[in-house]
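Topology and contacts: notes
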Amino acid sequence: MGVKVGVLALQGDVAEHVAAFREALAERPGSSVTAVRMPADLSDLDALAIPGGESTTISRLIGKNGLYEPLVEFEGGIFATCAGMVLMADRVDDPRVRTLSLIPMHVARNAFGRQVDSREATIEVAGLDEPFRAVFIRAPVATDVDPQVQVLARIPEGIVAVRHGPHMAFAFHPELGGDLRLHRMFLAGLGL
Amino acid sequence: MKLEELRFGTELIKRGFASMQKGGVIMDVVNAEQAQIAEEAGAVAVMALERVPADIRAAGGVARMADPQKIAEIIDAVSIPVMGKARIGHFVEAQVLEALGVDMIDESEVLTPADEQFHIDKKQFSVPFVCGARNLGEALRRIDEGAAMIRTKGEAGTGNVVEAVRHMRSIMGGIRALKGLSSQELADCARDIEAPVELVVECANLGRLPVVNFSAGGIATPADAALMMQLGADGVFVGSGIFKAANPEAMARAIVEAVNHYDDPKVIAEVSKGLGDAMKGLDVHLLREDEVLQTRGR
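The text that follows walks through the structure, step by step, so that each part is easy to find. The structure displayed is predicted, hence computed values, not measured ones.

The rules behind these values
- Residues numbered from 1 in each chain as written.
- Chains lettered and ligands numbered in written order.
- Predicted model: local features only at pLDDT ≥ 70, side-chain atom pairs only at ≥ 80, totals over all residues.
- Heavy atoms only, no water.
- Helix = DSSP H or I, 4+ residues; strand = E, 2+ residues; numbered from the N terminus.
- Rg over C-alpha atoms; globule rule 2.2 N^0.38 Å.
- Buried < 20%, exposed > 50% of the residue type's maximum accessible area, 1.4 Å probe, protein only.
- Contact = heavy atoms within 4.5 Å.
- Phe/Tyr/Trp six-rings, centres within 6.5 Å; stacked < 30°, edge-to-face > 60°.
- Polar contact = N/O pair within 3.5 Å; in protein donor to acceptor, adjacent residues only side chain to side chain.
- Axes fitted to C-alpha atoms, helices over the stretch in contact; angles between N-to-C directions.
- Left-handed = near helix turned anticlockwise from the far one by under 90°.
- Nonpolar A, V, L, I, M, F, W, Y, C, P; charged D, E, K, R; others polar.
- Salt bridge = Lys/Arg side-chain N within 4 Å of Asp/Glu carboxyl O.
- Core = buried A, V, L, I, M, F, W, Y, C linked by side-chain atoms within 4.5 Å.
- Pairing = 2+ DSSP bridges.
- Right-handed = clockwise from strand over helix to strand, strands pointing away.
- 1 Å grid on protein atoms, 1.4 Å probe; cavity = no way out; pocket = protein on both sides within 12 Å on 5 of 7 lines; lining within 4 Å.
- Points joined across faces, edges and corners; volume = space filled by probe spheres on them.
- Patch = residues over 30% accessible without salt bridge, like charges linked within 9 Å, V, L, I, M, F, W, Y side chains within 5 Å.
- Areas by Shrake-Rupley, 256 points an atom, 1.4 Å probe, with all protein chains shown as cover.
- Arc of directions from axis to C-beta.

1. Topic: the overall build of chain A
- Scanning chain A from terminus to terminus reveals 5 helices and 12 strands.
- Against the compact-globule benchmark of 16 Å for 192 residues, chain A has a radius of gyration of 15 Å, which places it among compact chains.
- If you line up chain A on its principal axes, its C-alpha atoms span 40 × 40 × 35 Å.
- Split into buried and exposed, the 192 residues of chain A put 61% on the buried side.
- Within chain A, residue pairs in contact and separated by at least 24 positions form 68% of the contacts whose partners lie at least 6 positions apart.

Below, the structure is given as structure tokens:
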């Protein structure tokens, strides 16, 4: 059966997420990957990606487009990267970002410093046999997660990958770099 | 946990940073207060400047990198990325901006060029660069030098979108014209537009530039911003258009929403209501040759 994935298309690397999920679902006939800009776009989706971008901007547009409640109530799994991870948290140090509070964790924005401190690093991720080449761009980290949240990856700066129920959140960008193992892990976790 | 092969400033990191800006509005600001207004309005980044381009035109003289003190104050004031402008070819201004911690450097024709032959060798830097371009050849030469993002030049500080439109149409049309060409014809085209053949082939295969392409230079209203998006821009820079408007906060918010809903005229109509006067603007045909900025650096 086909899988329906949406990508929150308010701002950020939307096209990269669309391309990555299309590739991950290439051998699943009847699958679709579509842009989500308004509440109606969420209906019938099995899963949603929240892309990287600027969390202050995306948060503002979520409110403007009437997406806040529909996203909180979304019943599928959410695959969130970078700014998406910030939006999934229930605690963040910036009053301008209204988070969705779907994962009980505290997230620090820009935890690595300025853009020159952005980096590629090879990290171990729980559930993957081989290390993952992770791309961190002005990335956040989770500094504190509640016990029911599964930590998938931790580096000296903090926690950079978590799973909570159907949701997964990453401080880095699995949609960049062509390695789709985490996309497949996410879809498998949803039974898709 | 194991952490190996740490690498900074790779092409993937630089181009990835630019990708995170897509669908966004980058606003020129001259102090911390304006930077906070821009951030509140939903800007994805701010460009830290001594003066907005309209005032650079008015002031005349040599336009240089902004005072590092001012850039540092703007960096401290906001959580979104801060960009800074260096003169074309002035790699030491770029080194200073990188040392200050700016997140992207604009090697910009708005400032007075420091080198009339060479642009900055951008591959030597960890910080990503954005460069202006008027056509496909210019864009690909800048990418070859290491630019992680292109912006169409337009004519900065005029509040007149006509040049931005001309340059966006030129780049998009240039890419469309590559479609279906044989490898021989692509090589011929590369010689014609004075661009590396590998990049011309890459554009032909992708059907777009290999890096993010924003629009700049004359955007003054929400409709201007949406026009550039419909013409194929990945996002917009708004320079003088925000803080030379009668109500900068309202204009900033409206342009952010117009970019988000660029293909929905009802939303553009709604957000454009009651904004007050946009910046006054200039007729680009009345500029003297030495007042035209877009011809700097080719």
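That covers the picture; the talk isn't over yet.
2. So, the packing of aromatic side chains
Residues and elements named next belong to chain A.
- All chains considered together, the criterion is met by 10 aromatic pairs over all chains.
- When the centroid spacing of 6.2 Å and the interplanar angle of 70° are considered together, the rings of phenylalanine 21 and phenylalanine 186 count as edge-to-face. Separated by 165 residues along the polypeptide, phenylalanine 21 in helix α1 (residues 14–24) and phenylalanine 186 in helix α5 (residues 181–189) bring together distant segments of the chain.
- Residue class for phenylalanine 21 comes out buried when judged on its relative accessible area of 0%.
- Here phenylalanine 79 and phenylalanine 170 contribute two aromatic rings whose centre-to-centre distance is 5.2 Å and whose plane-to-plane angle is 50°, an arrangement assigned as tilted. Taken together, the residues phenylalanine 79 in strand β4 (residues 77–81) and phenylalanine 170 in strand β12 (residues 167–170) connect sequence positions 91 residues apart. No difference in accessibility class separates phenylalanine 79 from phenylalanine 170, as the two residues are buried.

3. Some details on the side chain of lysine 122 of chain B
Residues and elements named next belong to chain B.
- Note that lysine 122 resides in the loop between β5 (104–108) and β6 (129–133).
- Under the relative-accessibility criterion, lysine 122 is labelled buried at 0%.
- Of note is the side chain of lysine 122, whose polar atom sits 2.7 Å from the side chain of glutamate 107.
- At a separation of 2.8 Å, a polar atom in the side chain of lysine 122 contacts the side chain of glutamate 145.
- With residues near it in sequence (within four places) discarded, lysine 122 still touches Lys14, Glu107, Phe129, Cys131, Arg142, Glu145, Gly146 and Ala147.

4. A few points about the packing of helix α4 (residues 68–77) of chain B against helix α5 (residues 91–100) of chain B
All names here are of chain B.
- At a minimum axis distance of 10 Å, the contact between α4 and α5 shows a crossing angle of 35°. Viewed along their axes, α4 and α5 form a crossing whose handedness is right-handed. Residues Pro68, Ile71 and Ile75 of α4 form the contact with α5, whose own contacting residues are Val96, Leu97 and Leu100.
- Across the contact of α4 with α5, the residue classes tally to 6 nonpolar, no polar and no charged.

5. Here's the deal with the pattern of salt bridges
- Inspection of every chain in the model, using the stated rule, returns 33 salt bridges over all chains.
- Residue arginine 96 of chain A pairs with glutamate 39 of chain B through a salt bridge whose shortest N-O separation is 2.5 Å. Taken together, the positions of arginine 96 of chain A in the loop between β5 (89–92) and β6 (103–108) and glutamate 39 of chain B in helix α2 (residues 32–41) put the pair across two chains.
- Exposure remark for glutamate 39 of chain B: the relative accessible area of 2% places this residue in the buried category.
- For lysine 273 of chain B, the salt bridge goes to glutamate 270 of chain B, with nearest N and O atoms at 3.0 Å.
- It is possible to trace a salt-bridge network through shared partners that takes in Asp90, Arg91, Asp144 and Asp146 of chain A.

6. Some details on the nonpolar core
- Core analysis: the biggest nonpolar cluster contains 128 residues, and Met105, Phe136 and Phe172 of chain A together with Met228 of chain B have the highest contact counts within it.
- Considering every element that reaches this core, the biggest residue donor is helix α12 (residues 248–260) of chain B, with 8 residues.
- Among all residues touching methionine 228 of chain B, those that are not within four sequence positions of it are Val161, Ala164, Val165, Met168, Ser215, Ile219, Ala233 and Val236 of chain B.
- If you look at the next biggest cluster of nonpolar residues, it comprises 22 residues, including Met20, Val52, Val212 and Ala216 of chain B.

7. Details of the side chain of threonine 10 of chain B
- Within the element layout of this structure, threonine 10 of chain B appears in the loop between β1 (3–8) and α1 (11–20).
- On the basis of relative accessible area, threonine 10 of chain B is assigned to the buried category, the value being 9%.
- Within the structure, threonine 10 of chain B has its side chain in polar contact with the side chain of glutamate 120 of chain A (distance 2.5 Å).

8. A closer look at the environment of alanine 20 of chain A
All names here are of chain A.
- Looking at the element boundaries, alanine 20 is found in helix α1.
- You can call alanine 20 buried: its relative accessible area is 5%.
- Those residues in contact with alanine 20 that lie beyond four places of it in its chain are Glu175, Leu180 and His183.

9. Some words on the pairing of strand β2 (residues 32–36) of chain A
All names here are of chain A.
- With 5 bridges joining them, strand β1 (residues 4–8) and β2 adopt parallel strand pairing. Within β2, the residue paired with lysine 4 across the bridge is serine 32.
- Crossover β1 to β2 through α1 is right-handed.

10. Details of empty space enclosed by the protein
Residue and element names in this part refer to chain B.
- Tallied over the full model, the rule gives 3 cavities of 30 Å³ or more.
- Empty space within the largest cavity amounts to approximately 180 Å³.
- In this structure, the largest cavity is lined by 22 residues; those nearest its centre are Pro53, Ala156, Ala216, Gly217 and Gly239.
- Counting residues per element, the ones that place at least two in the lining of the largest cavity are β9 (236–238) and α11 (240–243).
- Here the lining of the largest cavity is composed, by residue class, of 8 nonpolar, 8 polar and 6 charged.

11. Focus: a nonpolar patch on the surface
- Residues Phe91, Val92 and Val96 of chain B make up a contiguous nonpolar surface patch of roughly 240 Å² in combined accessible area.
- Looking at where phenylalanine 91 of chain B falls in the secondary structure, it is placed in helix α5.

12. Section: α5 of chain B
Residues and elements named next belong to chain B.
- If you check which residues of α5 are buried, you get Glu93, Ala94 and Leu97. With its buried residues spanning 100° around the axis, α5 presents them on a single face.
- Where α5 is buried, its residues meet α4, β4 (82–87), β5 and β6.
- Following α5 by one or two positions, glycine 101 adopts a phi angle in the positive range, close to 95°.

13. Regarding the layout of surface pockets
- The volume enclosed by the largest pocket comes to roughly 950 Å³.
- Broken down by secondary-structure element, the contributors of at least two residues to the lining of the largest pocket are α1 of chain A together with α1 and α12 of chain B.
- Of the residues forming the lining of the largest pocket, the biggest block, 6 residues, is contributed by α1 of chain B.
- Taken together, the residues that form the lining of the largest pocket break down as 19 nonpolar, 8 polar and 8 charged.
- In this model, the second largest pocket occupies a volume close to 260 Å³.
- As for the second largest pocket, its lining consists of 13 residues, and the residues nearest its centre are Ile56, Arg57, Gly60, Asp290 and Leu293 of chain B.
- Along the lines of polarity and charge, the residues of the lining of the second largest pocket split into 6 nonpolar, 3 polar and 4 charged.

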